[in-house]
Amino acid sequence: MYRKRHFPIICALFCAVFSIVLGIGIGSVNISPGEIFTAIGVRFFGAQLPEDMPITTVNIITDIRMPRVVLAFLTGAALSASGAAVQSVLRNPLASPYTLGVSSGASFGAGLVIAAGFTFLGQFTLAAAGLVFALLTMFAAVAFTSRIDKNFESSTIVLTGMVLSLFISAMVNIMANLAGEKYKQILKWQTGSFSGRGWSSCAVVAVVSVICIFIYMRRSKELDLMSFGNEQAASAGIDPAGTRRFLLIIMSVLTGTAVAFSGVIGFVDMIAPQIVRRIFGAKHSVVIPMSAVVGGTFMVICDIAARTVTAPSELPVGTVTALVGAPFFAYVFFKKRRNSQ
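Rules and cut-offs
Residues numbered from 1 in each chain as written. Predicted model: local features only at pLDDT ≥ 70, side-chain atom pairs only at ≥ 80, totals over all residues. Heavy atoms only, no water. Helix = DSSP H or I, 4+ residues; strand = E, 2+ residues; numbered from the N terminus. Rg over C-alpha atoms; globule rule 2.2 N^0.38 Å. Buried < 20%, exposed > 50% of the residue type's maximum accessible area, 1.4 Å probe, protein only. Contact = heavy atoms within 4.5 Å. Salt bridge = Lys/Arg side-chain N within 4 Å of Asp/Glu carboxyl O. Patch = residues over 30% accessible without salt bridge, like charges linked within 9 Å, V, L, I, M, F, W, Y side chains within 5 Å. Areas by Shrake-Rupley, 256 points an atom, 1.4 Å probe, with all protein chains shown as cover. Axes fitted to C-alpha atoms, helices over the stretch in contact; angles between N-to-C directions. Parallel < 35°, antiparallel > 145°, perpendicular 65-115°, else oblique. Left-handed = near helix turned anticlockwise from the far one by under 90°. Nonpolar A, V, L, I, M, F, W, Y, C, P; charged D, E, K, R; others polar. Phe/Tyr/Trp six-rings, centres within 6.5 Å; stacked < 30°, edge-to-face > 60°. Expected span 1.5 Å × (residues − 1).

Description of the overall build of the protein
Check the secondary structure of the protein and you find 14 helices and 0 strands. Helices (α) and strands (β) of the protein occur, in sequence order from the N terminus, as α-α-α-α-α-α-α-α-α-α-α-α-α-α. Computed over C-alpha atoms, the radius of gyration of the protein comes to 20 Å, within 12% of the 20 Å expected from 2.2 N^0.38 for 341 residues, which places it in the range of a compact globule. Taken along the three principal axes of its C-alpha coordinates, the protein extends 70 × 60 × 35 Å. Evaluated residue by residue, the protein yields a buried proportion of 49% over its 341 residues. Long-range pairs, those at least 24 residues apart, make up 75% of the contacts in the protein with a sequence separation of at least 6.

Remarks on the environment of Leu126
Note that Leu126 resides in helix H5 (residues 125-148). Residues Leu126 and Ala84, 42 residues apart in the sequence, show an inter-C-alpha distance of 26 Å. Discounting chain neighbours no more than four positions away, the residues touching Leu126 are Ala110, Val113, Ile114, Trp189 and Ala260.

Examining the pattern of salt bridges
One pass over the structure, following the stated rule, counts 5 salt bridges. Its salt-bridge partner being Arg43, residue Asp63 comes within 2.9 Å of it at the nearest N-O pair. One end of the pair, Asp63, is in helix H3 (residues 55-90); the other, Arg43, is in helix H2 (residues 33-45), and 20 residues separate them in sequence. Put simply, Glu222 and Arg219 hold a salt bridge, and the shortest N to O gap is 2.9 Å. When salt bridges with common partners are traced through the structure, they connect Arg68, Asp303, Arg307 and Glu314 into a single cluster.

Notes on the side chain of Thr243
Here Thr243 lies in helix H11 (residues 240-262). Overall, the relative accessible area of 7% leaves Thr243 in the buried class.

Some points on a nonpolar patch on the surface
A surface patch of nonpolar side chains, amounting to about 470 Å² of accessible area, comprises Leu112, Phe118, Phe120, Leu121 and Phe124. Note that Phe120 resides in the loop between helix H4 (102-116) and H5.

Regarding the packing of H4 against H5
Where H4 contacts H5, the two axes come as close as 7 Å, and the packing angle between them is 140 degrees. Between H4 and H5, the crossing angle belongs to the class labelled oblique. The chirality of how H4 crosses H5 is right-handed. Here Val102, Gly105, Ala106, Phe108, Gly109, Ala110, Leu112, Val113 and Ile114 of H4 come into contact with H5, specifically with Thr125, Leu126, Ala129, Gly130, Phe133, Ala134, Thr137 and Met138. When its residues are assigned to classes, the contact of H4 with H5 shows 12 nonpolar, 5 polar and no charged.

Points about the packing of aromatic side chains
Each aromatic ring pair is described using two quantities: the centre-to-centre distance and the angle formed by the ring planes. Using the criterion set out here, one finds 4 aromatic pairs in the structure. Summarising the aromatic geometry, the rings of Phe44 and Trp199 are spaced 6.0 Å apart at their centres and angled 90 degrees between planes, so their arrangement reads as edge-to-face. Taken as a pair, Phe44 in helix H2 and Trp199 in helix H8 (residues 199-218) lie far apart in primary sequence, 155 residues in all.

Points about helix H6 (residues 154-178)
Here H6 is 25 residues long and its end C-alpha atoms lie 36 Å apart, about the 36 Å a rise of 1.5 Å per residue gives. Among the residues making up H6, those that are buried are Ser154, Thr156, Ile157, Val158, Thr160, Gly161, Ser165, Ile168, Val172, Met175 and Ala176. Turning to H6, the residues buried within the fold contact H3, H4, H5, helix H7 (183-191) and H11. Immediately downstream of H6, the backbone of Gly180 shows phi near 65 degrees, a positive value.

Overview of the packing of H3 against helix H13 (residues 284-308)
Helices that pack against each other are described as a pair by the angle of their axes relative to one another and the distance between those axes. The N-to-C vectors of H3 and H13 enclose an angle of 135 degrees; their axes lie 6 Å apart at closest approach. It follows that H3 is oblique to H13 by the angle criterion. Here H3 runs over H13; the crossing is right-handed. When grouped by side-chain class, the residues that make up the contact of H3 with H13 number 14 nonpolar, 9 polar and 3 charged.

Looking at H4
For H4, which comprises 15 residues, the first-to-last C-alpha distance of 21 Å matches the rise-based estimate of 21 Å (1.5 Å per residue) to within 8%. Among the 15 residues in H4, 12 count as buried, and that is most of the element. Each element contacted by the buried residues of H4 is listed here: H5, H6, H7 and H11.

As for the environment of Phe73
Counting through the fold element by element, Phe73 comes out in helix H3. Taking the C-alpha atoms as reference points, Phe73 and Tyr98, 25 residues apart in sequence, are found 18 Å from one another. If we skip the residues at most four places from it in the chain, Phe73 touches Ala16, Ile20, Ala292, Val293, Gly296, Thr297 and Val300.

Here it is as structure tokens:
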């Protein structure tokens, strides 16, 4: 029984490790797993450099490929964990940071920094702007929903978020067209990319992800109750509206940080939690961490596809996730509609 219950978790973790090794190995020059582990030993554990391995290979693996793949995994994990929490809090399988407009808000902040040329926090200026505007977008959605719906119903905030997302996306497009030479840079941010990111970016996303996912885990019982509805949560002594606001703010922090370093990447925050619930059940003490693992794996695979399908050119990773996510979104939407009839 123990093995049967934990076998899917072991498989998911194995797939995650395999995807990371594959992502590091595939490139303009393919690198074997043995070379990858040797380079990791040399750079991070003080192992002796083999005579047949040039130091440039170690630098390529540890300074270029690894940070990109690790950031891809962390971004997918952050977005998917947020998506799992949001779907439960709002009781809507189509709810996600992307559909609520949080990703668009973070993108607007990053685009504003790029267009204006601000550098007041150095390499972390984009991250700070993305985080601030993600929070502002969520606060705007919460404030507007509170004014028009005192019960703070999930359908109202989802609709508000989608309206804000469309409006902000239009603003970003206008800003990009007025940005002149920086148009391509803003457009690249709109479609997502992990190119050129270093270990400092990974460190920030990792720290924020660990803190926010830990909060989600501490609130897993509340998420379980919230998924059954406001009455069930209130009968257990939980304030549904207050809990919903708090968890949405945590989602904004986590999403805003991830988007600020990678750009807008949609659908992974909706796909991964749906898959996890089908395989692992609905208990959030399992759903949250496994959504992070599955989402991170999915993102790494999408990044591999983005780098290889049209090599030597590179597709935006957001385009790859949309190709998979749009049909999945349609499937979930029409299935939900059919079941409600």
